[in-house]
Amino acid sequence: MKHFLKETDFHAPELGEVFALAREYKRTRGQPRTGVLAGQTWAMIFSKSSTRTRVSFEVGIHELGGHVLFLNRNDIQLGRGESIEDTAKVLSRFVHGLVVRTYDHADVTRLAAASTMPVINALTDFLHPCQIYTDAFTAAERWAAPGGDLVAALKGRKIAYLGDTCFNMANSWILGAALFGMKISLAGPKGFEPGAEIQAQLKADGLKADYHFTTDPYEAVAGADLVYTDVWTSMGQEEESKKRLAQMQPYAVTAKLFAAAKPDALFMHCLPAHPGEEVEQAVLDNPRCVIFDEAENRLHMQKAIMAMLAKSARK
Ligand code: CP
Ligand code: NVA
C-alpha cells in the first residue's frame, strides 16, 4: 500500500509521472472527468484549520469522480480517545483513502501503518509534502521549456528559505530540495537551526544533508532562484507569537532583501501570509510573486498524487 506522508514517498523515477499528470490535470480542467476515483469515497481528518488544503482536496476528489467526507477530529471518536490504530482499521472498511492534517507526524505514520487504504499527509508539525510538490511544480512551470521536463528544470536551482527554519515548511523544503536536486540556504535566528528529526529523515532516505544554515538573510538570498517564507507563528505555536515576532524581524522578506536574490527570482509563500510581518506588501505586489499560482496548483498536484496512490492501491 502506497502512502504520501513525506516528499520521498515517491521515488525519483516516479516524480516525472506525478508532475506530468499534474500538468495534464491543469491543462484539461473543466473537460469531462477522468473518473480515477469513480465509486470511491475519501475521508479527511483535520485537527487544524485550513483553507487551501481542505478546499483543494475536496474539489480535487470531486473532480476525480469521488465522494469526500470531511471529519473534524473532535467530531469523531478519535477526539475522545479512540486509538489511532482502531480509527485507521475502521475507516479502512468504509473509505478508499484518507487525508490527514494534525500535529504529531508520528500520528500520521501510525494511521498509515494500520490502514489498508492510501493515507496522505496534509500537514504535520514536521512536514507539508503536498505543498512542496506543488511549489516545485509551480517553479518548474516557469523554469522548464514549454512542454519540457518539469522535474529536470528544478535541478541545480537555489532556494533561499527565510524565517522559521526549523518547522514543517523548512523541513519539507530541505527534504524536497534533496529529492529534486536543488540547493537550499536557510536563514533564521540562532537556535532555529534545522533539527535532528530532519537530519534523521535524510539519512533514512539515503539522501545527502545538502543544506546550508546561516543567521544572515543576505547570505541566504545571494544567487537564489526562489525566495521562500512562511508565517513566523505556525498553528499550535500561538503562545510564542510575541517572542517569535521579535526574533524573526531580521528575516522579513522586504523588497530590498528580495532584490538581493537573482534578478529573475520568484517569491513564494505557502500562505496564509501576514503582510508587514514575514513579507513586505511590496514583495507580494511584485510580478515575480507567484503565491496564487501556488495556491491553485495545490488542486492539480494533489489530484495527481491521489491518482497515483489510487492506481497503486488497485494493483
Ligand atoms: N498552505 C496551506 O496549506 O494552507 P491552508 O492552511 O489554508 O490549508
Ligand atoms: N507553518 C504553517 C504552515 C501553514 C500552511 C503552519 O504550520 O501553521
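To keep things clear, this report deals only with the structure shown in the data block. (Residues numbered from 1 in each chain as written. Chains lettered and ligands numbered in written order. Predicted model: local features only at pLDDT ≥ 70, side-chain atom pairs only at ≥ 80, totals over all residues. Heavy atoms only, no water.)

Considering the overall build of the protein
- Along the backbone of the protein there are twelve helices and nine strands.
- Overall, the C-alpha framework of the protein stretches about 55 × 45 × 35 Å when taken along its three principal axes.
- By residue count, 55% of the 315 residues in the protein fall in the buried class.
- Taking the intrachain contacts of the protein between residues at least 6 apart in sequence as the baseline, contacts between residues at least 24 apart amount to 77%.
- When the accessible area of the protein is evaluated, it comes to approximately 13,300 Å², of which 53% is carbon and sulfur surface.
- Mean positive and mean negative side-chain charge positions of the protein (35 and 37 charges, respectively) differ by 4 Å. (Helix = DSSP H or I, 4+ residues; strand = E, 2+ residues; numbered from the N terminus. Buried < 20%, exposed > 50% of the residue type's maximum accessible area, 1.4 Å probe, protein only. Contact = heavy atoms within 4.5 Å. Areas by Shrake-Rupley, 256 points an atom, 1.4 Å probe, with all protein chains shown as cover. Lys, Arg positive; Asp, Glu negative; His and termini not counted. Charge placed at Lys NZ, Arg CZ, Asp CG, Glu CD.)

Quick look at the environment of methionine 1
- Residue placement: methionine 1 occurs in the segment before α1 (12-27).
- Here methionine 1 is in contact with Thr116, Met117, Pro118 and Ala313, once residues within four sequence places are set aside.

What to know about the site of ligand 1
- Close contacts around ligand 1 come from Ser50, Thr51, Arg52, Thr53, Arg101, His128, Gln131, Cys270, Leu271 and Arg298, and that covers them all.
- Between ligand 1 and glutamine 131, the relevant distance is 2.9 Å, taken from a nitrogen atom to a side-chain nitrogen or oxygen of the residue.
- Residue leucine 271 places a main-chain N or O atom 3.0 Å away from a nitrogen atom belonging to ligand 1.
- Along the lines of polarity and charge, the residues of the shell around ligand 1 split into two nonpolar, five polar and three charged. (Near = heavy atom within 4 Å. Polar contact = N/O pair within 3.5 Å; in protein donor to acceptor, adjacent residues only side chain to side chain. Nonpolar A, V, L, I, M, F, W, Y, C, P; charged D, E, K, R; others polar.)

Considering the site of ligand 2
- Taken together, Leu123, Phe167, Asn168, Asp230, Val231, Ser234, Met235 and Leu271 make up the full set of residues near ligand 2.
- One of the side-chain nitrogen or oxygen atoms of asparagine 168 is found 2.8 Å away from an oxygen atom of ligand 2.
- Aspartate 230 is positioned such that a nitrogen or oxygen atom in its side chain is 2.5 Å from a nitrogen atom of ligand 2.
- Calculation on ligand 2 without its partners gives an accessible area of 270 Å², and the protein chains cover 95% of this total.
- Classifying every residue of the shell around ligand 2 gives five nonpolar, two polar and one charged.

Some remarks on the sheet that holds strand β8 (residues 226-229)
- Strands sit in the order β7-β6-β5-β8-β9 across an open sheet of five strands; the sheet is parallel. Bordering the open sheet on either side are β7 (211-214) and β9 (266-269), each of which pairs with just one other strand. For this sheet the average axis-to-axis angle between neighbouring strands, irrespective of direction, equals 20°.
- The pairing of strand β6 (residues 183-187) with β7 spans four bridges and is classified as parallel. Its bridge partner being in β7, serine 185 is matched across the sheet by histidine 212.
- The strands touched by helix α12 (residues 291-314) within the sheet are β8 and β9, with β9 carrying the most contacts at an inclination of about 55°. (Pairing = 2+ DSSP bridges. Axes fitted to C-alpha atoms, helices over the stretch in contact; angles between N-to-C directions.)

Comments concerning helix α2 (residues 52-63)
- Taking 1.5 Å as the rise per residue, α2 with twelve residues should run 16 Å; its terminal C-alpha atoms sit 16 Å apart, in good agreement.
- Those residues of α2 that sit buried are Thr53, Ser56, Phe57, Gly60, Ile61 and Glu63. Each buried residue of α2 lies within a common arc of 160° when the element is viewed along its axis, so the set occupies one face.
- Where α2 is buried, its residues meet β1 (41-46), β2 (67-72), β3 (97-101), β4 (119-121), α5 (129-143) and α12. (Expected span 1.5 Å × (residues − 1). Arc of directions from axis to C-beta.)

Some words on the sheet that holds β1
- The strand order across the open sheet built from four strands is β2-β1-β3-β4, with neighbouring strands paired in parallel fashion. In this open sheet, the two edge strands, each paired with only one partner strand, are β2 and β4. Adjacent strand axes in the sheet meet at a mean angle of 20°, parallel and antiparallel pairs treated alike.
- Pairing geometry for β1 and β2, over six bridges, is parallel. Along β2, the bridge assignment pairs tryptophan 42 with valine 68.

A look at the packing of aromatic side chains
- For the coordinates displayed, the defined rule picks out eleven aromatic pairs.
- Residues phenylalanine 4 and phenylalanine 10 carry aromatic rings whose centres are separated by 5.4 Å and whose planes lie at 35° to one another, so their mutual orientation is tilted.
- Overall, phenylalanine 4 belongs to the buried group, its relative accessible area being 0%.
- Among the aromatic residues, those joined into a cluster by ring pairs are Phe4, Phe10, Phe19, Tyr133, Phe137 and Phe180.
- Above the plane of the ring of tryptophan 143 lies arginine 157, whose end atom (NZ or CZ) is 4.4 Å from the centre. (Phe/Tyr/Trp six-rings, centres within 6.5 Å; stacked < 30°, edge-to-face > 60°. Lys NZ or Arg CZ within 6 Å of the ring centre and 35° of its normal.)

Considering the environment of glutamine 237
- Assignment of secondary structure puts glutamine 237 in the loop between β8 and α9 (241-248).
- In this structure glutamine 237 comes out as buried when scored by relative accessible area, which is 8%.
- Expressed as a C-alpha distance, the spacing of glutamine 237 and glycine 39, which sit 198 residues apart in the sequence, is 40 Å.
- A polar atom in the side chain of glutamine 237 sits 3.5 Å from the side chain of arginine 244.

All quantities given are derived from atomic positions and should not be read as evidence of function.
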